[in-house]
Amino acid sequence: MKWIELHNVEFGDCTVLRGDNQAFIIDCGSLNTVLNKGNCTFKDYVNAFAEHYGFIRKKYGLISHFHKDHVCGFTEILRENPQFFERIYLPSAPQDDCGNPLLLEFALLVYTFVTEKSDYCELVDNIVTAFSRIGTLSGTACMATLCQGDTFVFDDVTYEVLWPQQTEYPFSSQFYELVEQANQLLTTTWGNQAELFLQYKDTFCDCYLRCIDLFSLYSTATPTEKSEAITDLKWVLEQIDDLIYDLNGLPVAQDVAELVGSQKARIYFAKELNGASVVFQNVQQTEWLYPKHTRQDLLFTGDATPKTMAQISELLHAHYYAVKAPHHGTESEWWDGWRNIEIDHILISNGHHAAGGMISAKYAQLPAIKHCTNCTRCHWFAETGKCCNYKKRCAENEHWLRKVKKCPANQRGETDVQRGCHIYTTGPVGIYACDCQKQLEEKTSW
C-alpha cells in the first residue's frame, strides 16, 4: 500500500488503498442522495469516482456488509462499468450453532411480508439478490466470499479476515427470538401457502450457503458450477415472488409484517448486520522475534459493534498505522479497547443525515491523528471550536528544512517521499487538510 484515500461521501463509507497500478476500494455507499460539500449528487460523484480510477489496471472491491451506506455505490459502478473490478469480495452469511443463517432468514421474511418501498426493503433486497445481481452485472469470475480465517493479497501485502465467523456465530438472544417468533407464526398457520413458503425459505438458505461455499477463496468449483448455483438461487426466489400475493392475503400476514417491520426489529436487525461486518487486518511481519511495525499495519472494521471488537480483541495487533473507525466514529459503537492499542492514524467517515450520529469526542482523546471527512459532525469540534489534531502532528510529516503543514496533500512541489503520512481525505471539492481549521478554509484539486 502506497497511500490511502478517504472519500467524503457524507454519511457513508468509501476508502481506497493505492498500490502499484492497483486500487482496493473498501465499501462504497452513502445514505445521502446529495453530497453537501460540493453540492453534487452521490450518483454523479460515483461516476466521477469510477472515471478517476478507470485507468488503473487492477481494481478490487470489498463490501463489508449490505447496508446502503456501504454498498449502493458498487451497484452504480457495475451498471456503467460491468468489468470494473478484477475481484469483488462479498460478506459471508454466518450461521448459528444449529447451522441457521439467521440474518438471511430474517431478510427473506422482510422481503416477503414488508411491502412498503423504503431503505429497509432496499437493504434486504441487497442481501437476498447479492449473488444474482452482481453475477448478472459483472459475471461470476470476479466474485469471492470472505469469512474469519480467510486471507487475500493486495499489492504484495497479505491481509487476514478476523470476522465474521461462518459457523457457531453468536447472534444476540433478542434477534434469535425475533426470528423464532416469525417462524412460529407461520408454522402454526393453516394453509398450503405458508407451509410452501417455509419450505422455499429453507431451500433458499441452503442454496445461498452453497453459493458462499462455491465462491470462497479456497473453492475449486468450476464457472459452470457457480453459474448453476446462482441459477438455482434465482429460481427459488422467483417461487417466493410468485407466492407473495397469496401469502399477504393470509390472516397471519399482518402479524408477521408488524413483527419484522417494527422499529424494534429494524434496530435489532441493523445491529446484527453491523456486528457481522467483514473486519480485516494485514498479517503482521516479524523482525527477529518481535513484530515489525510499518505503514502496512492497517485495520478495517466496517460497522463492527463493540461486541464484535471484543470477540476479536485477542487477534488484534498492539500497533496500527491506520484504523478505520467503526460505524462512522459514532458514540453508539465506541469500543473502550481502542485505548489499549497504539494507533498512529484514525479514519472517520461521517456526514449530515437524519439517521446518522455525531463523531464521539472519545476519539479526540486518543493520541492519534484523526482524518475526518466532516469536522462539523464532531462533538469535540462543536464543543471546543478546535481541531483535536491542533497540537499534534504526524512524526513522518516533518521536513529537515522546515515544519510542514499537517496535511501532506497540500505540500505542493514536494516528492511523494516527503509528503508525510500518505493519507488523503478527498471529496467533490478536492483534497482536505487534516487540521479542521484548514479543512474549512483550504482545498486542492483532486
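Note: the structure precedes this text.
Note that this is a predicted model, so its numbers are computed, not measured. (Residues numbered from 1 in each chain as written. Predicted model: local features only at pLDDT ≥ 70, side-chain atom pairs only at ≥ 80, totals over all residues. Heavy atoms only, no water.)

Caption draft 1: Fine view of the overall build of the protein. Across its full length, the protein carries 13 helices and 19 strands. The burial tally for the protein puts 59% of its 446 residues in the buried class. In the protein, the share of contacts with a sequence separation of at least 24, taken over all contacts with a separation of at least 6, comes to 69%. On the protein, roughly 19100 Å² of surface is accessible, and the fraction owed to carbon and sulfur atoms is 50%. (Helix = DSSP H or I, 4+ residues; strand = E, 2+ residues; numbered from the N terminus. Buried < 20%, exposed > 50% of the residue type's maximum accessible area, 1.4 Å probe, protein only. Contact = heavy atoms within 4.5 Å. Areas by Shrake-Rupley, 256 points an atom, 1.4 Å probe, with all protein chains shown as cover.)

Caption draft 2: How the structure looks around the sheet that holds strand 15 (residues 319-324). The seven strands lie next to each other as 9-10-11-14-15-16-17, forming an open sheet whose pairing is mixed. Both edges of this open sheet fall to strand 9 (151-154) and strand 17 (369-372), since each of them pairs with a single strand only. Neighbouring strand axes in the sheet, compared pairwise and without regard to direction, differ in orientation by 20 degrees on average. Of the pairings in the sheet, the one linking strand 10 (residues 157-163) to strand 11 (residues 279-282) comprises four bridges and is antiparallel in character. (Pairing = 2+ DSSP bridges. Axes fitted to C-alpha atoms, helices over the stretch in contact; angles between N-to-C directions.)

Caption draft 3: Main features of the packing of helix 3 (residues 102-113) against helix 6 (residues 173-187). Between helix 3 and helix 6, whose axes approach to 10 Å, the crossing angle comes to 50 degrees. Taken together, helix 3 and helix 6 sit at an angle that is classed as oblique. Of the two elements, helix 3 crosses helix 6, and the hand of that crossing is left-handed. Taking contact as the criterion, the partners of Leu-102, Leu-103, Glu-105, Phe-106, Leu-109 and Phe-113 in helix 3 are, on helix 6, Phe-175, Tyr-176, Leu-178, Val-179, Ala-182, Asn-183 and Leu-186. Here the contact of helix 3 with helix 6 is built from residues that sort into 11 nonpolar, one polar and one charged. (Parallel < 35°, antiparallel > 145°, perpendicular 65-115°, else oblique. Left-handed = near helix turned anticlockwise from the far one by under 90°. Nonpolar A, V, L, I, M, F, W, Y, C, P; charged D, E, K, R; others polar.)

Caption draft 4: Broad picture of the sheet that holds strand 2 (residues 12-19). Within the open sheet, the eight strands sit side by side as 8-7-6-3-2-1-18-19. Their pairing is mixed. Both outer strands of the open sheet, strand 8 (143-146) and strand 19 (430-432), are each paired with one neighbouring strand and no more. Strand-to-strand twist in this sheet, taken as the mean axis angle between neighbours without regard to direction, amounts to 25 degrees. Bridging between strand 1 (residues 3-7) and strand 18 (residues 423-427) involves four bridges; their strand directions are parallel.

Caption draft 5: Here's a closer look at the pattern of salt bridges. Under the defined criterion, the tally for this structure stands at 10 salt bridges. Note that Asp-20 is salt-bridged to Lys-2, the shortest N-O span being 3.5 Å. Of this pair, Asp-20 sits in the loop between strand 2 and strand 3 (22-30) while Lys-2 sits in the segment before strand 1, placing them 18 residues apart in sequence. The residue Lys-68 makes a salt bridge to Asp-119 at a minimum N-O spacing of 3.7 Å. A residue pair is termed long-range when its members are at least 10 positions apart, and Lys-68 in helix 2 (residues 68-80) and Asp-119 in helix 4 (residues 119-128) qualify at 51 residues. A residue is classified by how much of its surface remains accessible, and Asp-119, at 43% relative accessible area, is partly exposed. (Salt bridge = Lys/Arg side-chain N within 4 Å of Asp/Glu carboxyl O.)

Caption draft 6: Seen up close, unusual backbone geometry. In this chain, Trp-163 is followed by Pro-164 through a cis amide linkage whose omega measures 5 degrees. Tracing the backbone through its elements, the reader meets Pro-164 in the loop between strand 10 and helix 6. In this model, Asp-155 sits at a positive phi of 50 degrees, which is unusual for a non-glycine residue. Turning to its location among the elements, Asp-155 is positioned in the loop between strand 9 and strand 10. We note that His-328 has phi near 65 degrees; this positive angle belongs to a residue other than glycine. Of note, His-328 is situated in the loop between strand 15 and strand 16 (342-348). Looking at His-328, the relative accessible area reads 0%, which means it is buried.

Caption draft 7: View of the packing of aromatic side chains. Tallied over the entire structure, the rule returns 28 aromatic pairs. Taken together, a centroid distance of 5.7 Å and an interplanar angle of 75 degrees make the contact between Phe-24 and Phe-152 edge-to-face. Of this pair, Phe-24 sits in strand 3 while Phe-152 sits in strand 9, and the two are 128 residues apart along the sequence. On the basis of relative accessibility, which here comes to 1%, the residue Phe-24 falls in the buried class. Accessibility expressed as a relative area gives 4% for Phe-152, which makes it buried. Ring geometry for Phe-84 and Phe-85: centres 5.0 Å apart, planes at 80 degrees, overall edge-to-face. According to the relative accessible area criterion, Phe-84 is buried, its value standing at 6%. (Phe/Tyr/Trp six-rings, centres within 6.5 Å; stacked < 30°, edge-to-face > 60°.)

Caption draft 8: Representation of the pairing of strand 18 within the structure. Counting buried positions along strand 18 gives five out of five residues, so the element sits mostly inside the fold. A two-sided burial pattern is seen for strand 18, the buried positions comprising Ile-423, Thr-425 and Gly-427 on one face and Tyr-424 and Thr-426 on the other. In textbook terms, the turn of a hairpin is the stretch between consecutive antiparallel strands, and for strand 18 and strand 19 this stretch comprises two residues.

Caption draft 9: Structural context of the side chain of Ser-138. Assignment of secondary structure puts Ser-138 in helix 5 (residues 130-138). The class for Ser-138 is buried, based on a relative accessible area of 10%. Look past the residues within four positions of Ser-138 in its chain and what remains in contact with it is Leu-78, Pro-82 and Gln-83.

Caption draft 10: Spotlight on the side chain of Ser-64. Note on placement: Ser-64 falls in the loop between strand 6 (58-62) and helix 2. Look at Ser-64 and you get buried, because its relative accessible area is 2%. At 2.8 Å, the side chain of Ser-64 forms a polar contact with the side chain of Asp-27. In this view, Ser-64 contacts Asp-27, His-70, Pro-91, Ala-276, Ser-277, Val-278 and Gly-302; residues no more than four positions away in its chain are not counted. (Polar contact = N/O pair within 3.5 Å; in protein donor to acceptor, adjacent residues only side chain to side chain.)

Caption draft 11: Spatial organisation of helix 4. Burial within helix 4 is extensive, with seven of its 10 residues counted as buried. Taken residue by residue, helix 4 has Tyr-120, Cys-121, Leu-123, Val-124, Asn-126, Ile-127 and Val-128 as its buried positions.

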